[in-house]
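Residue strings, one per chain:
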2 protein chains.
Amino acid sequence: MVLTVEEVTDKSLAALRNAGVPEQHAQTQLSLLLEAELRGVASHGLLRLPRVIERIRNGVCDPGTVGKGVWAMPSLYRIEGNHGLGPVVALDAIAKISERARDTGVAVAAIRGCDHLGMLAWYAERVARQGQILIALTISEALVHPWGGSQAMLGTNPIAIGVPAVPEPFVLDMATSLVSMGKIHDHANRSVPIPEGWAVDQDGRPTTDAKAAKHGAIAPFGGAKGYGLGLGFELLVASLTGSALGRDVRGTLDSEHHCNKGDVFIVLEPQEQSAQIIGQFMDALRASPAAEPGNPVRVPGDRARSKRDSSLQQQITLAPAVWAQIQDMARNDRAQSNTKTGEKINAT
Amino acid sequence: MVLTVEEVTDKSLAALRNAGVPEQHAQTQLSLLLEAELRGVASHGLLRLPRVIERIRNGVCDPGTVGKGVWAMPSLYRIEGNHGLGPVVALDAIAKISERARDTGVAVAAIRGCDHLGMLAWYAERVARQGQILIALTISEALVHPWGGSQAMLGTNPIAIGVPAVPEPFVLDMATSLVSMGKIHDHANRSVPIPEGWAVDQDGRPTTDAKAAKHGAIAPFGGAKGYGLGLGFELLVASLTGSALGRDVRGTLDSEHHCNKGDVFIVLEPQEQSAQIIGQFMDALRASPAAEPGNPVRVPGDRARSKRDSSLQQQITLAPAVWAQIQDMARNDRAQSNTKTGEKINAT
């Protein structure tokens, strides 16, 4: 389905309103999903809207709250998410720590129990454009097996790093899993085998059968190092936020459980003038000798930004089923609606 | 050469004293190198002592300074390293930010221009044992090619994460390069080819010839993701510290240049009680189903700790050439000595 940004915006906001989401929170949630869509990160795009709404209707997400934050210490802001929408709670927390970091040099938000944050690049880019560095960490339900292990014990545990640069900030956003569970589902839907090494089945045996992999575990990226990193991020988040860990994490993929994961944002003040130097170095990287002629070296974020620039005036392509769900949720009022998203959207 | 810890300590301290290193600084520098040796990380062990001393003798390292630190903001400590010994400057900075973080929740040290930090696990373990979280980042001379590139543009850019846990802290310490340059040198010395994908030669062509790889560039670990991460760390460090970047970085491998790289330490206050929970989760990981029966899942740091425990009462094995250099440097006084370490110690 090829649609205009306006069409998608109208229906999506109506769907969120129908679910009782306050106007400003609906705008925030949609803006995040739309940005993922425009950057070509469909796994974190509108695909996720029906689940967001289903969670609200099931009473496991409270769309009206920004959580309850306290300055536990002068540079450490602890937030009970109170099951609020991920981007709503996170943006409020980031605004507070960004302001504080301008006075203290660094400030941290340790959030527990808000819903899925979505694409971390969105937060990193906002903060970097305001002239500050952001490190963002979040965790998910256990989908990844330890290196040398065969059972899902860790989340896909992404990191985002935003660094101010001229003319465009540096934005890295990557999971510590080798691939996303969404990619495995996509292979299963198309009955295409997955490459060796991507996943194990539910009995922990290496598999190239995408359907079997759906019930198993994904490999960490980069072998033992990627495993160490994903584990390090999960422990760091749990240590700072008191969130659940490993197989106890709930609510990032389902519609039935309160979300008990944690998120950490660290905002830091860069050196003056550094944005110019960082921008020049990014250009030097792009101009450095390529491994394959005609295929220049990229800096993380380049592809998403060029995709976004070409999408902005244009159209969004959605799976017909997703668009049908959104239209349905936009049409019905809360009392009538009983839409089911059916299959888990495992696109973490 | 199999030696006792005492023998190695005596000669090494004598060598450092001969080079004019104050007693306490010599103890700090040696304690770091010895700990790497005892953990089985020979690339960051006594092998590096002759270069440390050579740099002092050449006047590019000042063993007497802890650098000049200022609290640029209440939680941000900026340090001009003034060419001090890496562990001496870093430990002083970490002590300051650890104390500050107890009041503020988080504090950062942004260091520019001290010498090589050595094994980051040493710092992470100290801080975690004191009950605080540490994130440590440092950069090195350009040895790693971008993903899709063919020239060394980035350092090996390691990260360490220390998280308090009961009974033993979590300690991750890993480079973002696929292998160390030391490993490539080791293959070259033994005339053994390196596996495909490890490195390119000086013309940017993939090579399995270890001698050719010495003059080329190492691959990032984990493909595009590891490249993104190593780059993100380098930009974050440069943005916070104002350090040199990429091919402009000097002094981490040679004996002729002042070191102009940057280092970042972030100390954070964990939630109360989290150490117990983290420790239990680490045990759950170790007990989770293994991919190969009899080869249990490990947590980063396990192998180093078990190696350390078995080494502690025992002996250290050094390459005869390294021990000869240390003995020579211990014997001669500063005026007489003119030892050359010859070949670059590329063990980053």
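Coordinates for the structure precede this section.
Within each chain, residue numbers correspond to sequence positions counted from 1 in written order. All chains are assigned letters beginning at A, and all ligands numbers beginning at 1, according to the order in which they are written. The predicted origin of the model limits local features to residues at a pLDDT of at least 70 and limits the giving and counting of side-chain atom pairs to 80 or more, whereas totals for whole chains, interfaces and linings rest on all residues. Each side-chain value is derived from all of the structure's non-hydrogen atoms; neither hydrogens nor water enter the calculation.

## Observations regarding the pattern of salt bridges
- What counts as a salt bridge is simple: a side-chain nitrogen of Lys or Arg found within 4 Å of a carboxyl oxygen of Asp or Glu. According to the stated counting rule, one finds 40 salt bridges over all chains in the structure shown.
- Here Asp201(B) makes a salt bridge to Arg205(B), at a shortest N to O gap of 3.2 Å.
- For Asp201(B), a relative accessible area of 11% translates into the label buried.
- A cluster of three or more residues bridged by salt bridges with shared partners is formed by Glu35(A), Arg39(A), Glu125(A), Arg129(A), Glu168(A), Arg305(A) and Arg308(A). For every residue, the accessible area (1.4 Å probe, protein chains only) is compared with the maximum for its type, and the residue is labelled buried under 20%, exposed over 50%, or partly exposed between those bounds.

## Observations concerning the sheet that holds strand β3 (residues 76-80) of chain B
Residues and elements named next belong to chain B.
- Strand pairing requires that DSSP identify at least two bridges connecting the strands. Helix and strand labels come from DSSP, where a helix needs a run of H or I of at least four residues and a strand needs a run of E of at least two; each type is numbered from the N terminus. With mixed pairing, the seven strands of this open sheet are ordered in space as β2-β3-β4-β11-β5-β6-β7. A strand with exactly one partner marks an edge of an open sheet, and here the two such strands are β2 (68-73) and β7 (170-174). Sheet twist, expressed as the mean angle between neighbouring strand axes with direction ignored, is 10°.
- Note that β3 and strand β4 (residues 106-112) share five bridges and pair parallel. Bridging from a neighbouring strand, Ile79 pairs with Ile111 of β4. All axes are obtained by fitting lines to C-alpha atoms, using only the stretch in contact for helices, and the reported angles, taken between N-to-C directions, cover 0 to 180 degrees.

## Quick look at helix α9 (residues 274-286) of chain A
- In a regular helix each residue adds 1.5 Å, so 13 residues correspond to 18 Å; α9(A) covers 19 Å between its end C-alpha atoms and thus fits that length.
- Regarding α9(A), the residues found buried are Ser274(A), Ile278(A), Gly279(A), Phe281(A), Met282(A) and Leu285(A). When α9(A) is viewed along its axis, its buried side chains cluster within an angular range of 165° and face the same direction.
- Two residues qualify as a contact provided that any one of their heavy atoms is within 4.5 Å of a heavy atom in the partner residue. Looking at the buried positions of α9(A), the neighbouring elements they touch are β6 (159-163) and β7 (170-174) of chain A together with α8 (223-241) of chain B. Expected helix span is computed as 1.5 Å times (number of residues minus one). When we speak of the arc, we mean the arc of directions from the helix axis to the C-beta atoms.

## Notes on the packing of helix α4 (residues 86-104) of chain A against helix α5 (residues 121-129) of chain A
Residues and elements named next belong to chain A.
- Close contact between α4 and α5 brings their axes to 12 Å; oriented N to C, the two are set at 25°. Here α5 runs roughly parallel to α4, going by the angle between their axes. Where α4 crosses over α5, the handedness of that crossing is right-handed. When α4 is examined against α5, the residues Gly86, Pro87, Ala90, Leu91, Ile94 and Ser98 are found in contact with a partner set consisting of Trp122, Tyr123, Arg126 and Val127.
- Residues of the contact of α4 with α5, tallied by class, amount to seven nonpolar, two polar and one charged. Roughly parallel refers to an angle under 35 degrees, roughly antiparallel to one over 145, roughly perpendicular to one between 65 and 115, and oblique to any angle outside these ranges. Should the near helix be turned anticlockwise from the far one by less than a right angle, the crossing is left-handed, and should it be turned clockwise, the crossing is right-handed. Any residue that is not Ala, Val, Leu, Ile, Met, Phe, Trp, Tyr, Cys, Pro, Asp, Glu, Lys or Arg is counted as polar, Gly included; the first ten are nonpolar and the last four charged.

## Section: α4(A)
Residues and elements named next belong to chain A.
- Look at α4: 26 Å from first C-alpha to last across 19 residues, which is about the 27 Å you get at 1.5 Å a residue.
- For α4, the set of buried residues is Gly86, Pro87, Val88, Val89, Ala90, Leu91, Ala93, Ile94, Ile97, Ser98, Ala101 and Thr104.
- Positive backbone phi, approximately 95°, marks Gly105, located one or two places after α4.

## Re the environment of Glu80(B)
Residue and element names in this part refer to chain B.
- Examined against the element boundaries, Glu80 turns out to sit in strand β3.
- With eleven residues separating them along the chain, Glu80 and Gly69 place their C-alpha atoms 6.3 Å apart.
- Apart from residues no more than four positions distant in its own chain, Glu80 is found in contact with Gly67, Lys68 and Arg112.
- Among the polar contacts listed, one links the side chain of Glu80 to the side chain of Arg112, at a separation of 2.3 Å. Definition of a polar contact: a pair of N or O atoms within 3.5 Å, with one able to donate and the other able to accept a hydrogen when the atoms are protein atoms, and with sequence-neighbouring residues admitted only if both atoms are side-chain atoms.

## So, the packing of aromatic side chains
Residue and element names in this part refer to chain A.
- Between the rings of Phe, Tyr and Trp (Trp by its six-membered ring), a pair exists once the centres lie within 6.5 Å; its type follows the angle of the planes, with under 30 degrees stacked, over 60 edge-to-face, and the other angles tilted. Under the counting rule described, the total for this entry stands at seven aromatic pairs over all chains.
- Taking the centre distance of 5.6 Å and the plane angle of 55° together, the rings of Tyr123 and Phe265 count as tilted. Pair noted here: Tyr123 is in helix α5 and Phe265 is in strand β11 (residues 262-268), with a separation of 142 residues, a long-range link.
- When its relative accessible area of 0% is taken as the criterion, Phe265 is described as buried.
- In this structure an aromatic cluster arises from ring pairing among Trp122, Tyr123 and Phe265.
- One residue, Arg126, lies across the ring of Trp122, its end atom 5.0 Å from the ring centre. Over a ring means this: the NZ of a Lys or the CZ of an Arg is within 6 Å of the ring centre and within 35 degrees of the ring normal.

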